[in-house]
Each structure stands twice: as structure tokens, then as C-alpha cells.
Amino acid sequence: MRRQFTGWPEQAMDVLWQLQGEPTHATRERYRADRERLVRQPMIALLDEVADTDPRYEDFSVWHYRTDSWWWQHQSAVIRLGRKIEIGLRFSLDGLRIQGAWWYPDPGQVDMFRKAVASEGSGRELSAIVEDVRKKGYDISGDVMKRPPRGYPTDHSRTKLLRHRSLIAARPLGCEEWLHTPEAVDRVLSAAADLDALLMWLVRHVKRAA
């Protein structure tokens, strides 16, 4: 039975505070159960509710802690929409952060991306989408080459996009009182709607290479 998301308890911040810096193994073990209950499980409940709104959001993972202290201090999760195309969420002392990303591409995906960017119709569409997402407060980043790729004119009107070997749009959602309430679901869904056109463009044009 799925747990209903009610928000992250305020005590979740206390747990993350105790895990700052380079916590010892003993400290991690002392807070492991509390972190699971107060930090990770609410993320699972949140994504369960998000998945209930749209079947596209049903393939998700909520990461465990690993050995690096960063993973204990940040609770990350992804929703997979296509091959290497994801919505990422991260909960930490800074609050909740969301990103839409096409990254760590499979062989051939970068070439498919460039061809779609260079094509007049799909390229203009992506350029407009990226500008719209940027205006909504998202930072646009990725693995970007210093020069345009070979085979494309250096004065191409979309040369900045052609230089991308990954594409990420990210912004913080905040660290206000709503984090501790069911309103966080609506905040995530609203941000997912901001990213939808970008991610669906990528799903259509950056398919898994044969």
C-alpha cells in the first residue's frame, strides 16, 4: 500500500544537519534509521503521488546513501521519461531542487541531437522552448563544447545549442513551509509542467541510437 505524502517532517532537517561535513561511520549509522524514515521515505511517497497523476511519471528511482557523504546529505531521485532523459529531484538543507536533463548520452545520441537542432523546424522549436524555460527561472547548462562540432557552419544561428553534448534545465523550488505539507506535490507538478515541452522534444528527437 502506498504511503500518502504529507510533506517532509521538520525533523528531517535536523537529521540532515547532523550529517553535514564529513560525518563518521558511527554518526551515519546513528542516524541511518531516522534518515530513512524522515528523508528518503517521504521522497518515495512524493513520487508515488506524482506518478498517480500521469503514467509517464511511473518509472522512478529514489537513491540510497552510498559511501560518499554527499549522498547522505542530499536525497536524490529521478523520473525516467526516455533513454537518458529524466526529471531529477533533490532534497537537502537548501530545500527542494528540480531539473530536466538529457545527459550521459548513449553512443549516437549526440549526433541525433545535433541533426535535430540543425533542422530548421525542430531546431527553431527547441530554441524557443529553451528560451521559454530560461524565462521561467531555470538555469540552462550541460556538457558544452568550446567550438561548434565538425560538419556544421561556425555561423549557424543555433550554434550555442549545437555545442551541447547534454542539456540540463534546473532551478531550486525553495525551502519554505510548503516542504512540510502536501503542497510539495503541486510544486513538483507545476515545475514538471514547465519542463514538459523540453523533455518531450528530447524524447521525440534524441532516441536511443541503433
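Refer to the structure presented above.
Predicted model, so just to flag it, every value in this text is computed and none were measured.

1. Describing the overall build of the protein
Assigned secondary structure in the protein consists of seven helices and six strands. Overall, the protein is about 60 × 35 × 35 Å in size when its C-alpha atoms are taken along their principal axes. Counting every position in the protein, which comprises 210 residues, the buried fraction comes to 46%. The contacts in the protein between residues at least 6 apart in sequence include a share of 65% that link residues at least 24 apart. Surface accessibility of the protein: about 11,100 Å² in total, with carbon and sulfur atoms responsible for 49%.

2. Observations regarding the pattern of salt bridges
Think of it this way: side chains of opposite charge can pair up when their charged atoms draw near. On inspection of all chains with the given rule, the structure shows 17 salt bridges. With a shortest N-O distance of 4.0 Å, D106 and K84 are connected by a salt bridge. Here D106, found in the loop between β4 (95-102) and α4 (109-118), pairs with K84, found in the loop between β2 (75-82) and β3 (85-92); they are 22 residues apart in sequence, far enough to count as distant. Judged by its relative accessible area of 13%, D106 is buried.

3. Regarding the pairing of β4
Most of β4 sits inside the fold, with seven of its eight residues counted as buried. Two strands pair when backbone bridges link them, and β3 and β4 are joined in this way by eight bridges, in the antiparallel orientation. Within β4, the residue paired with F91 across the bridge is L96. Counting the residues between successive antiparallel strands, the hairpin from β3 to β4 contains two residues. Where β4 meets strand β6 (residues 167-174), seven bridges bridge the pair, whose relative direction is antiparallel. Residue pairing for β6: Q99 is matched across the bridge by A170.

4. Some thoughts on the packing of helix α5 (residues 120-135) against helix α7 (residues 183-205)
Axis separation between α5 and α7 bottoms out at 9 Å; the angle between their running directions is 155°. In this view, α5 runs roughly antiparallel relative to α7, as classed from their interaxial angle. Seen from above, α5 lies across α7 with left-handed handedness. In this structure, α5 uses S122, E125, L126, I129, V130 and V133 to contact α7, whose residues at the interface are D194, L195, A197, L198, W201, R204 and H205. Classifying every residue of the contact of α5 with α7 gives eight nonpolar, two polar and three charged.

5. Remarks on the side chain of E86
Turning to its location among the elements, E86 is positioned in strand β3. Ignoring anything within four residues of it in the chain, the contact list for E86 reads V78, I79, R80, Q99, G100, A101, W103 and L199.

6. Quick notes on α4
Of the positions making up α4, those classed as buried are Q109, V110, F113, R114, A116 and V117. Around the axis of α4, the buried residues are gathered within 165° of arc, so they sit on the same side. Buried-residue contacts for α4 involve β4, α5, α6 (159-162), β6 and α7.

Quick notes on the rules
Residues numbered from 1 in each chain as written. Predicted model: local features only at pLDDT ≥ 70, side-chain atom pairs only at ≥ 80, totals over all residues. Heavy atoms only, no water. Helix = DSSP H or I, 4+ residues; strand = E, 2+ residues; numbered from the N terminus. Buried < 20%, exposed > 50% of the residue type's maximum accessible area, 1.4 Å probe, protein only. Contact = heavy atoms within 4.5 Å. Areas by Shrake-Rupley, 256 points an atom, 1.4 Å probe, with all protein chains shown as cover. Salt bridge = Lys/Arg side-chain N within 4 Å of Asp/Glu carboxyl O. Pairing = 2+ DSSP bridges. Axes fitted to C-alpha atoms, helices over the stretch in contact; angles between N-to-C directions. Parallel < 35°, antiparallel > 145°, perpendicular 65-115°, else oblique. Left-handed = near helix turned anticlockwise from the far one by under 90°. Nonpolar A, V, L, I, M, F, W, Y, C, P; charged D, E, K, R; others polar. Arc of directions from axis to C-beta.

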